[in-house]
Amino acid sequence: MIKINIQEKSFNEIKILENINISLEETEFLSIIGPSGCGKTTFLNIVSSLDKNFKGSIDLNSSNIGFVFQDSRLIPWLTIKENLLIISKQKDIIFINELLKLVNLENLLDLYPKDLSGGMARRVSFVRAFVNKPKLIFLDEPFISLDYPTATALKKDFLELCKKFNTTIILVTHDLSEAIYLSNRIIFFSKKPASIIFEYKNFNNQEFNLKKIDELKNELLEKHPHILEGFL
Ligand SMILES: Nc1ncnc2c1ncn2[C@@H]1O[C@H](COP(=O)(O)OP(=O)(O)OP(=O)(O)O)[C@@H](O)[C@H]1O
């Protein structure tokens, strides 16, 4: 069980987050959605212990965590193999090869990041998050600026990896359709100072079906129009 209790986070006496209490079961996939600038990245920085300057407490139940960011953050002078090995605690090239195979990247090991397309580099950054078999992965808008087919294929493969390794996920996104497709729980933040305004849980989104996702989205927005507060 992961326990997040953020009573308050401020920058220069401006309150950014308040009263955010979340308990997360293992293997849950939680999406956090909220208006631009409301404090989602600030939240992720606190929860992932990058930022310890806040009132409250975080209990992750594990220190083995992975990250995926908006950009790939691969080290340009290292090959893909070296980029993955450098963060691998076990230096386990067999496991890395297996991961790359799962996302159809097995032929890239000796290439450099500059040799990859943006979509392939982002794929590698997803693989990198799994290299140490983390209990928990944090993702900050990881599908942003990818074209639709590339993002869709990557989302499918990512869900497979999450299932295979029983990983708990916290994803920050602007995109409600993406959150509905990927997660089994969505928490909506208000505009700044962000607090939880709504939570949506256990919806049936097992298969990728655009029509179904749109229906769920429209139903949600019709029943709970206040979740759009701050977006408009
Ligand atoms: N280091 C900092 N010092 C001062 N203010 C900051 C700092 N980091 C973030 N902020 C402010 O905190 C607020 C929330 O920023 P944050 O990046 O967490 O929002 P966000 O919801 O992730 O935004 P976006 O959706 O645009 O990515 C913003 O007003 C931002 O200017």
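Residues numbered from 1 in each chain as written. Predicted model: local features only at pLDDT ≥ 70, side-chain atom pairs only at ≥ 80, totals over all residues.

Visitor: I'd like a rundown of the sheet that holds strand β4 (residues 55-59), residues and numbers included.
Guide: Within a sheet, neighbouring strands are paired by backbone hydrogen bonds and run either parallel or antiparallel to one another. If you walk across this open sheet you meet the three strands as β2-β1-β4, and the pairing is antiparallel. Of all strands in the sheet, those bounded by a partner on one side alone are β2 (14-24) and β4. Taking each pair of neighbouring strands and ignoring which way they run, the sheet shows an average axis angle of 15 degrees. Sheet analysis places strand β1 (residues 2-11) next to β4, joined by five bridges and oriented antiparallel. Paired with Ile6 across the two strands is Gly56, which belongs to β4. (Pairing = 2+ DSSP bridges. Helix = DSSP H or I, 4+ residues; strand = E, 2+ residues; numbered from the N terminus. Axes fitted to C-alpha atoms, helices over the stretch in contact; angles between N-to-C directions.)

Visitor: I'd like to hear about the pairing of strand β6 (residues 136-140), residue by residue, with values.
Guide: Counting buried positions along β6 yields five of five residues, so the element is predominantly enclosed. Here β6 shows two buried faces, one formed by Leu136, Phe138 and Asp140 and the other by Ile137 and Leu139. Note that strand β5 (residues 65-68) and β6 share four bridges and pair parallel. Bridge assignment links Phe67 to a residue of β6, and that residue is Phe138. In this structure, β6 lies alongside strand β7 (residues 168-173), joined through five bridges in parallel fashion. (Buried ≥ 20, exposed ≤ 12 C-beta atoms within 10 Å, placed from the backbone.)

Visitor: Quick rundown of the site of the ligand? Include the residues and the values.
Guide: Around the ligand sit Phe11, Asn12, Ile16, Gly34, Ser36, Gly37, Cys38, Gly39, Lys40, Thr41, Thr42 and Lys192, and that is every residue in its neighbourhood. Grouping the constituent residues of the shell around the ligand by class yields three nonpolar, seven polar and two charged. (Near = placed C-beta within 6 Å. Nonpolar A, V, L, I, M, F, W, Y, C, P; charged D, E, K, R; others polar.)

Visitor: Could you give an account of the confidence of the model for the protein chain, with specific residues and numbers?
Guide: Averaged over every residue, the pLDDT of the protein chain is 91; residues scoring 70 or more account for 96%. Interface predicted TM-score (ipTM) for the complex: 0.96; the corresponding pTM is 0.92. (pLDDT = per-residue confidence, 0-100.)

Visitor: Any details on helix α4 (residues 118-130)? Residues and values, ideally.
Guide: Compared with the 18 Å implied by 1.5 Å per residue over 13 residues, the 19 Å span of α4 between its first and last C-alpha is a close match. Lining the buried residues of α4 we find β5, α2 (80-85), α3 (93-102), β6 and α5 (148-165). (Expected span 1.5 Å × (residues − 1). Contact = placed C-beta atoms within 7 Å.)

Visitor: Let's hear about the domain arrangement of the protein chain: which residues, and what values?
Guide: Each assigned domain of the protein chain is listed with its residue range as follows: domain 1 (22-53 + 136-231) and domain 2 (74-133). Here domain 1 and domain 2 have C-alpha centroids that lie 25 Å from each other. Facing the nine residues of domain 1 at the interface are 10 residues of domain 2. Examining the composition of the side of domain 1 that touches domain 2, we find that seven residues originate from one element, α5, more than from any other. Its residues assigned to classes, the side of domain 1 that touches domain 2 shows six nonpolar, one polar and two charged. (Domains from an automatic or database assignment.)

Visitor: Residues and numbers for α5, please.
Guide: In an α-helix, one turn spans 3.6 residues, which is why side chains three or four residues apart end up on the same side. Between its terminal C-alpha atoms α5 stretches 26 Å, which fits the 26 Å expected from 18 residues at 1.5 Å a residue. Immediately beyond the C-terminal end of α5, within one or two residues, lies Asn166, with a positive phi of roughly 50 degrees.

Visitor: Before we move on, can you summarise the environment of Val131 with the specific residues and values?
Guide: Looking at the element boundaries, Val131 is found in the loop between α4 and β6. When the C-alpha positions of Val131 and Thr41 are compared, they lie 23 Å apart, and in sequence the two are 90 residues distant. Excluding residues that lie within four positions of it along the chain, Val131 makes contacts with Leu84, Ile87, Ser88, Ile96 and Leu99.

Visitor: Please set out the sheet that holds β5 residue by residue, giving values where relevant.
Guide: Strand order in the open sheet formed by six strands is β5-β6-β7-β3-β8-β9, and the pairing between neighbours is mixed. Each of the sheet's edge strands pairs with one partner strand only, and the pair in question is β5 and β9 (196-201). Within this sheet the neighbouring strands show an average axis-to-axis angle of 15 degrees, counted without direction. Here strand β3 (residues 29-33) runs beside β7; their pairing, made up of five bridges, is parallel. From the neighbouring strand, Leu30 faces β7, where its bridge partner is Ile170.

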